[in-house]
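# Architecture at a glance
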Amino acid sequence: MIDRMSCGMMPAKPHTVLRDADGNLLHEEMFTRSGFSGAFSYFYHRYPTTAAIDVSVSKRGHAVAQSSFAPEGLAPLKRRLYDSRKVHVGGMPFECRVPLLFNKDLAVYFACPSQTDDVYFANGDGDELWFVEKGSARLESSCGWLAVEAGDYVGIPKSMVHRWHIDPASGPMRMLCFEGHGGVSIPKEFRNPVGQLVMDAPYTHRDFVRPIGPIATLDTEPVGPNELVVKKGGAFTRLRLERCPMDVVGWEGFVYPWAFAIEKYQPKTGLIHLPPTIHGTFAGPGFLVCSFVPRVTDTHPHAIPCPYPHSSVDCDELILYVKGNFTSRRGVGPGAISLHPAGVAHGPHPGAYEGSIGSTRTDEIAVMIDTFAPLLPTTYAVSVEDPGYQDSWRTAPLS
Ligand SMILES: [Fe+2]
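Criteria and thresholds
Residues numbered from 1 in each chain as written. Predicted model: local features only at pLDDT ≥ 70, side-chain atom pairs only at ≥ 80, totals over all residues. Heavy atoms only, no water. Donors = N, O, S within 2.8 Å, 3.2 Å for Na, K, Ca; no water. Buried < 20%, exposed > 50% of the residue type's maximum accessible area, 1.4 Å probe, protein only. Pairing = 2+ DSSP bridges. Helix = DSSP H or I, 4+ residues; strand = E, 2+ residues; numbered from the N terminus. Core = buried A, V, L, I, M, F, W, Y, C linked by side-chain atoms within 4.5 Å. Domains from an automatic or database assignment. Contact = heavy atoms within 4.5 Å. Polar contact = N/O pair within 3.5 Å; in protein donor to acceptor, adjacent residues only side chain to side chain. Axes fitted to C-alpha atoms, helices over the stretch in contact; angles between N-to-C directions.

Okay, the coordination of the iron ion next. On the protein side, the iron ion has His310 (NE2), Glu317 (OE) and His346 (NE2) as donor atoms, found 1.9 to 2.1 Å from it. Overall, the relative accessible area of 6% leaves histidine 346 in the buried class.

This is the structure in structure tokens:
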């Protein structure tokens, strides 16, 4: 939902007749959000979208969130560190993602896929916002082909039929996924009244990579699996379709997958340290995703560039460390995921605060999400947790 796109064939007016050269009627699909009041796209299919040979409960799909909460829940309330490098490597994106943390607004997954999806997938539980730490791929969807590279955020709208094509030359991918149950979008303060991105937004319309489509033509039959797996309410349904669903010959609208490279994010620097919200990138009900990218640090001659210790009493904070030397951390490298829960203070590791004085730049790249509802760890998260993280703030020896 960046701006309007249009490609391929469509009638001059919606909901009117469109035929191919042989006189066959094409089939419109309205893809709408918020009932019929939100953003939408029109798709023009060669065949009806409703034709399925059979529908059944799918035996495939990723772990169901509700059954995988860690029994300890939120207690004890402490800083936690998860090692995504221990996450299972291999499989297909639609089913190899592992659940790490959840709340009512959001699910956080990590995935290390090595194989192209052999079915199409549609996530009816929310928009997916991926961050690709490693690897490259092409995302095939009703909107066309989207090129994806390491360092990209990838937005996949709720219920969009798609599949990932992994680039075998890039090896297994490493990807963090936020599933936003109320959607994922550009913060409203980055838009002007007509919907353009404002000039002091951290990105421009040109920074977003769009799908190239349409995929289908009138001359050839669509090529791809005839199977669609749909996730809704944490459960998976398998639809065996009469045809491959990639039969869209034209589409128009605001709802489509997109990619945005984190290194295109334009950071802001102040005289003194600015709050984390200045790194806001994408948002949804109950959360804000922030991007930390290389930048000049604060310019006051006595500035302390490192983040101040803080008690953000209403937000849990999760960070994926991607690249560089993160100014506030010691002994935390790429692939680590920290969770600093609301309720207890957090801040720089011992030595980092005073060590940052006089620095003029930082080369860190990290993805952060602040959530208003507490994040509950799953049993999988506990299995990749570093038990010594809480104690890494101690200044006195362990007794
Ligand atoms: Fe923080």
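Before going further, it helps to examine the sheet that holds strand β9 (residues 127-134). Reading across the sheet, the eight strands line up as β15-β19-β12-β9-β14-β7-β6-β27 and stay open at both edges, with antiparallel pairing between neighbours. Across the chains shown, the open sheet's two edge strands, defined by having one partner strand only, are β15 (208-209) and β27 (376-377). As paired strands, strand β12 (residues 152-156) and strand β19 (residues 258-261) are joined by four bridges and run antiparallel to one another. Bridging from a neighbouring strand, valine 154 pairs with alanine 259 of β19.

The next point concerns the nonpolar core. Nonpolar side chains tend to gather and get buried jointly when the protein is soluble and globular. Grouped together as the largest cluster of nonpolar side chains are 71 residues, with contacts concentrated most on Tyr153, Trp164, Phe178 and Phe282. At six residues, strand β7 (residues 106-111) tops the list of elements feeding residues into this core. Among the domains, domain 1 (50-68 + 88-245 + 256-261) and domain 2 (266-387) are the pair contributing at least three residues each to this core. Ignoring anything within four residues of it in the chain, the contact list for phenylalanine 282 reads Leu129, Tyr153, Val184, Ser185, Ile186, Pro187, Tyr203, Phe208, Trp258, Phe260, Leu288 and Val289. Counting residues in hydrophobic clusters, the runner-up holds 14 residues, among them Leu81, Cys290, Phe292 and Ile319.

Moving on, we get to the pairing of strand β3 (residues 40-45). Counting buried positions over the six residues of β3 gives five, a clear majority of the element. Inspection of the sheet shows strand β2 (residues 27-32) paired to β3 by six bridges, in the antiparallel sense. Across the sheet, histidine 27 pairs through a bridge with histidine 45, a residue of β3. Inspection of the sheet shows β3 paired to strand β18 (residues 248-253) by five bridges, in the antiparallel sense. Each bridged residue has a counterpart across the sheet, and for serine 41 the counterpart in β18 is glycine 253.

Right, let's get into the side chain of histidine 349. Relative to the helices and strands, histidine 349 is located in the loop between β24 (336-340) and α2 (352-355). In this structure the side chain of histidine 349 is engaged in a polar contact, spanning 2.8 Å, whose partner is the side chain of serine 392. Not counting residues within four places of it along the chain, the set of residues in contact with histidine 349 comprises Ser328, Arg329, Arg330, Val332, Tyr389, Ser392 and Trp393.

Moving on to the pairing of strand β20 (residues 280-284). Counting buried positions along β20 gives five out of five residues, so the element sits mostly inside the fold. Here β20 runs beside strand β21 (residues 287-292); their pairing, made up of four bridges, is antiparallel. The residue bridging alanine 283 from the neighbouring strand is leucine 288, located in β21. Taking the residues between adjacent antiparallel strands as the criterion, β20 and β21 are bridged by two residues, where glycine 286 takes a positive phi near 95°.

This next bit is on the sheet that holds strand β26 (residues 365-371). Pairing in this open sheet of six strands is antiparallel, and the strands run β5-β24-β23-β26-β21-β20 from one edge to the other. If you trace the sheet from one side to the other, it starts and ends with β5 (80-83) and β20, each paired once. Mean inter-strand twist for the sheet, computed between neighbouring axes without regard to direction, equals 15°. Relative to β24, strand β23 (residues 316-323) is paired through four bridges, and the arrangement is antiparallel. Note that in β24 the partner of glutamate 317 across the bridge is histidine 340.

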